Amino acid sequence: MRRMEKGARHRNNTGKNHPGGSEAEASPESGSGGGGVALKKEIGLVSACGIIVVLLTWINCASVRWATRVQDIFTAGKLLALALIIIMGIVQICKGEYFWLEPKNAFENFQEPDIGLIALAFLQGSFAYGGWNFLNYVTEELVDPYKNLPRAIFISIPLVTFVYVFANVAYVTAMSPQELLASNAVAVTFGEKLLGVMAWIMPISVALSTFGGVNGSLFTSSRLFFAGAREGHLPSVLAMIHVKRCTPIPALLFTCFSTLLMLVTSDMYTLINYVGFINYLFYGVTIAGQIVLRWKKPDIPRPIKINLLFPIIYLLFWAFLLIFSLWSEPVVCGTGLAIMLTGVPVYFLGVYWQHKPKCVNNFIESLTLVSQKMCVVVYPEMEAGSGKEEVNEDTDEQRQPIYQPTASKDKDSEQPQP
């Protein structure tokens, strides 16, 4: 253990000014022609990621049942891999390998404490616990959502917290903090140290975990675009489903396209900062809106209701994260904020501007019709016959900001005949 500590400290000193610099210097790719090899590897990795995203999009378009089964299988595989890591960590502790768990070593500072970096660490770490939010996107597909949605959140958050915390405890029984920071895949490095000839289990588990995570994001995020289109905030074609499979194919394709755009950059941590900052910004605004509604409209039906103390505590923590993250990484967080603000002109052109010229409406109508034919999609019908006409009227009314050729056609038909 002392040799591991000494080696880790030596690595930290050599890469102090540039984390991971010693590895970069020792890499054979840093020589002549290394840039071309690295570029080929990066292109191959991006291409593989793109193929996986397209494949998972096809599965989600083909069948909701297939998508949920894929999610169940890979989630189970991920939990089994994490259980193996936790068990190995317990074995390490029983052997006395808990040097970095001792308080005097666990709380040792390797750099000067900075409140901005602490906030940024919370922001990046919270990315792993974001499933509670994505679950809200699929409430319409849950059985008895008012009962099962809170139950799923109450079960999943403690379970995920328990698994992740003890997995990290297991990691530090075999790796120093410096080794954790230097590793691109901590579980893989952990497996190489302890699993020996069975170390191949961890890379496969990490790949399957990533596969399942992408599938879950595609499944949930597409429902967000679907709901937004139904409310009139996105093109109406995104609110349509396949005539036989009942899957939101246009919304899934839009999600796939947006995901592929993110592959332009290979800096994962920058993407996490972008997503984390923007997500938490919207989380806070949404929760603040709930508090305002509780005050201004106290009598509206609330099937799921909690004490106001919890959202207030969340907002205080939210303000701490956003303010100090922006202070610590103003360029990254500011870029994420700028990307988000690009939606403002789109909103004014697509939603707020209701009286569009007839040529614009005709173009949108033609584009929608072509998209319907290509994807074989229609607006979903409601089961209740009495409420069907009212829902259809509301749907037509909601999609007027994006697509309103009906009004212009009716005016033409109402003109007196010569």
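The structure this text deals with has already been given above.
A brief look at the structure comes next. (Residues numbered from 1 in each chain as written. Predicted model: local features only at pLDDT ≥ 70, side-chain atom pairs only at ≥ 80, totals over all residues. Heavy atoms only, no water.)

## A closer look at the packing of helix α15 (residues 330-341) against helix α16 (residues 343-352)
Any two packed helices are characterised by the angle at which their axes cross and by the distance between the axes.
Point 1. Where α15 contacts α16, the two axes come as close as 5 Å, and the packing angle between them is 10 degrees. Taken as axis vectors, α15 and α16 run roughly parallel relative to one another. Residues Ile339, Met340 and Leu341 of α15 form the contact with α16, whose own contacting residues are Gly343, Val344 and Pro345.
Point 2. Its residues assigned to classes, the contact of α15 with α16 comprises 5 nonpolar, 1 polar and no charged. (Axes fitted to C-alpha atoms, helices over the stretch in contact; angles between N-to-C directions. Helix = DSSP H or I, 4+ residues; strand = E, 2+ residues; numbered from the N terminus. Parallel < 35°, antiparallel > 145°, perpendicular 65-115°, else oblique. Contact = heavy atoms within 4.5 Å. Nonpolar A, V, L, I, M, F, W, Y, C, P; charged D, E, K, R; others polar.)

## Observations regarding unusual backbone geometry
What you tend to see is this: most non-glycine residues have negative phi, and most peptide bonds are trans.
Point 1. Residues other than glycine seldom take positive phi values, yet Cys246 does so here, at roughly 60 degrees.
Point 2. Relative to the helices and strands, Cys246 is located in the loop between β1 (241-242) and α12 (249-262).

## Quick word on the nonpolar core
Point 1. Leu82, Ile85, Tyr171, Ala187, Phe190, Leu195 and Met202 are the most contacted members of the largest nonpolar core, which totals 15 residues.
Point 2. Every element with two or more residues in this core is listed here: α4 (64-94), α8 (145-171) and α10 (186-194).
Point 3. Setting aside residues up to four positions removed in sequence, Leu195 forms contacts with Met88 and Met202.
Point 4. Formed by 14 residues, the second largest nonpolar core is a distinct cluster that contains Ala119, Leu281, Tyr314 and Leu321. (Core = buried A, V, L, I, M, F, W, Y, C linked by side-chain atoms within 4.5 Å. Buried < 20%, exposed > 50% of the residue type's maximum accessible area, 1.4 Å probe, protein only.)

## Examining a nonpolar patch on the surface
Point 1. A cluster of nonpolar residues, Ile115, Ile118, Phe122, Phe317 and Trp327, forms a patch on the protein surface that exposes about 490 Å² of accessible area.
Point 2. When residues of the nonpolar patch are traced back to their parent elements, those giving at least two are α6 (115-125) and α14 (309-328).
Point 3. With 3 residues, the top contributor of residues to the nonpolar patch is α6.
Point 4. In this fold, Ile118 is placed in helix α6.
Point 5. Relative accessible area serves as the criterion here: at 39%, Ile118 is assigned to the partly exposed category. (Patch = residues over 30% accessible without salt bridge, like charges linked within 9 Å, V, L, I, M, F, W, Y side chains within 5 Å. Areas by Shrake-Rupley, 256 points an atom, 1.4 Å probe, with all protein chains shown as cover. Salt bridge = Lys/Arg side-chain N within 4 Å of Asp/Glu carboxyl O.)

## As for the packing of helix α13 (residues 268-296) against α14
Point 1. Viewed as axis vectors pointing N to C, α13 and α14 meet at an angle of 150 degrees, and their least axial separation amounts to 10 Å. The angle between α13 and α14 falls in the class roughly antiparallel. Of the two elements, α13 crosses α14, and the hand of that crossing is left-handed. Two secondary-structure elements touch here, α13 through Phe277, Tyr280, Leu281, Tyr283, Gly284, Val285, Ile287, Ala288 and Ile291 and α14 through Pro311, Ile312, Tyr314, Leu315, Trp318, Leu321, Leu322 and Leu326.
Point 2. In terms of residue class, the contact of α13 with α14 is made up of 16 nonpolar, 1 polar and no charged. (Left-handed = near helix turned anticlockwise from the far one by under 90°.)

## Observations concerning the packing of aromatic side chains
Between two aromatic rings, the relevant description is the distance of the centres plus the angle of the planes.
Point 1. If you walk through the whole model with that rule in mind, you get 14 aromatic pairs.
Point 2. Ring geometry for Phe74 and Phe211: centres 4.8 Å apart, planes at 55 degrees, overall tilted. Residue Phe74 is located in helix α4, and its partner Phe211 is located in helix α11 (residues 201-230); the two are separated by 137 residues in the primary sequence. Accessibility classification places Phe74 together with Phe211 in one group, the buried group.
Point 3. With a centroid separation of 5.3 Å and an interplanar angle of 55 degrees, the aromatic rings of Phe320 and Phe324 are classed as tilted. Here Phe320 pairs with Phe324, and both are found in helix α14, just 4 residues apart, close to one helical turn.
Point 4. Grouped by ring-pair contacts, the aromatic residues Phe122, Phe317, Phe320, Phe324 and Trp327 constitute a single cluster.
Point 5. If you follow Arg223 out to its NZ or CZ, it ends over the ring of Phe219, 4.1 Å from the centre. (Phe/Tyr/Trp six-rings, centres within 6.5 Å; stacked < 30°, edge-to-face > 60°. Lys NZ or Arg CZ within 6 Å of the ring centre and 35° of its normal.)

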